[in-house]
Amino acid sequence: KRDFFLGAMNVQPFETPHDAAESVGYVLSIPGGARFALATDIGCVKPGWMNAVSGAAAVLLESNYDPGMLRAGKYPYELKKRIMSRHGHLSNDDAAEAAIALARSGARRIVLGHLSKENNFPELALKSCLTALERDGAPDSEVTVARRDGATGVFSVKSEFYE
């Protein structure tokens, strides 16, 4: 995985623990230091991808499923096992723990994304993350949930991300 440039913006791909071939996330950096990370298709919290996104001012972070909903849901057992594996998807609880580390490393905006339509609700993902951040006393970060059916918001990049 090699960095590349889109104009002046550096794009740094990083490996994600997922069961698809060549699964990657991205960190986008602009001159002046602002960084945005896109971290989805992640089976577990691992130092490799966490180090790559550390220090990003904003992160789109996978919060794919609620474990109770997934276990009780209609998916076949093998698919449930795959989703919950270390190479599947990130649960709300794991995303919340990752959000704590991201907030401590400078993330001021965390957007929860890649939510399962069948095994999650935006309110559950948001509550899990906000509760963990508050319990931990992590630095203030704005947390939102990406919409599945439209734009979530417009962000401009300067020395930080602004809405």
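The numbers attached to residues start from 1 for each chain and follow its sequence in the written order. Only residues with pLDDT of 70 or above have their local features reported here, since the model is predicted, and side-chain atom pairs are shown and tallied only from 80 upward, although totals for entire chains, interfaces and linings are computed over all residues. In computing side-chain values, all of the structure's heavy atoms are included and hydrogens and water are not.

**Q** Break down helix H5 (residues 122-136) for me, citing the residues and quoting the values.
**A** A run of DSSP states H or I qualifies as a helix once it reaches four residues; a run of E qualifies as a strand once it reaches two. Both are numbered from the N-terminal end. Each residue after the first adds 1.5 Å to the expected span of a helix. Its 15 residues give H5 an end-to-end C-alpha distance of 21 Å, which sits within 8% of 21 Å, the value for a rise of 1.5 Å per residue. Every buried residue of H5 is accounted for by Ala-125, Ser-128, Cys-129, Ala-132 and Leu-133. Along the axis of H5, the buried positions cluster into a sector of 120°, meaning they face one direction only. Exposed side chains of H5 directed beyond 90 degrees from the buried face belong to Glu-123, Lys-127, Glu-134 and Arg-135. For this analysis, residues touch if any pair of their heavy atoms sits within 4.5 Å. Residues of H5 that are buried sit in contact with helix H4 (92-104), strand S6 (109-113) and strand S7 (142-145). Looking at the residues trailing H5, positive phi occurs at Gly-137, about 70°. The rule is simple: take the accessible area with a 1.4 Å probe, protein chains only, and divide by the maximum for that residue type; under 20% is buried, over 50% is exposed, in between is partly exposed. Throughout, the arc means that of the directions going from the helix axis to the C-beta atoms.

**Q** I'd like a rundown of the sheet that holds S7, residues and numbers included.
**A** By this definition, two strands are paired if DSSP reports at least two bridges between them. Spatial strand order, S1-S2-S3-S4-S5-S6-S7: seven strands in an open sheet with mixed pairing. If you trace the sheet from one side to the other, it starts and ends with strand S1 (4-6) and S7, each paired once. For this sheet, the mean inter-axis angle between neighbouring strands, taken without regard to orientation, is 20°. Along the sheet, H4 contacts strand S5 (58-62) and S6; its crossing angle with S5, the most-contacted strand, is approximately 165°. Axes, fitted as lines to C-alpha atoms, cover a helix only where it is in contact. Angles between the N-to-C directions of the axes lie from 0 to 180 degrees.

Any functional reading would require information beyond the geometric quantities listed.
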